[in-house]
Amino acid sequence: MVYYCKYCNSVLGQIEANPSELDHLGFWILTPEERADIISVNEVLHTAYVKTVCEYCETALRDNPQLFLAHTPLQ
């Protein structure tokens, strides 16, 4: 499972887990819509990709809220 920033695409971390283990990691709490937005699965590679926000992008967006108006605010 690979965690990456949805704004700058930096890989933030990786854990050994199969996509079938998502519920064991707490993702069961998400609605189906949230899961579809946050998690993508590559069945061939048996890898799940989880969108999150890195500290740099979080700070940049908090300090410059006008960046939310851009199509790709931090790329």
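What comes next is a walk through the structure. (Residues numbered from 1 in each chain as written. Predicted model: local features only at pLDDT ≥ 70, side-chain atom pairs only at ≥ 80, totals over all residues. Heavy atoms only, no water.)

Considerations on the sheet that holds strand β2 (residues 11–14)
Strand order in the open sheet formed by four strands is β2-β1-β4-β3, with mixed pairing between adjacent strands. Each of the sheet's edge strands pairs with one partner strand only, and the pair in question is β2 and β3 (39–42). Taking each pair of neighbouring strands and ignoring which way they run, the sheet shows an average axis angle of 20°. Sheet topology note: the β3/strand β4 (residues 47–52) ladder contains four bridges and is antiparallel. Bridging from a neighbouring strand, Asn-42 pairs with Thr-47 of β4. (Pairing = 2+ DSSP bridges. Helix = DSSP H or I, 4+ residues; strand = E, 2+ residues; numbered from the N terminus. Axes fitted to C-alpha atoms, helices over the stretch in contact; angles between N-to-C directions.)

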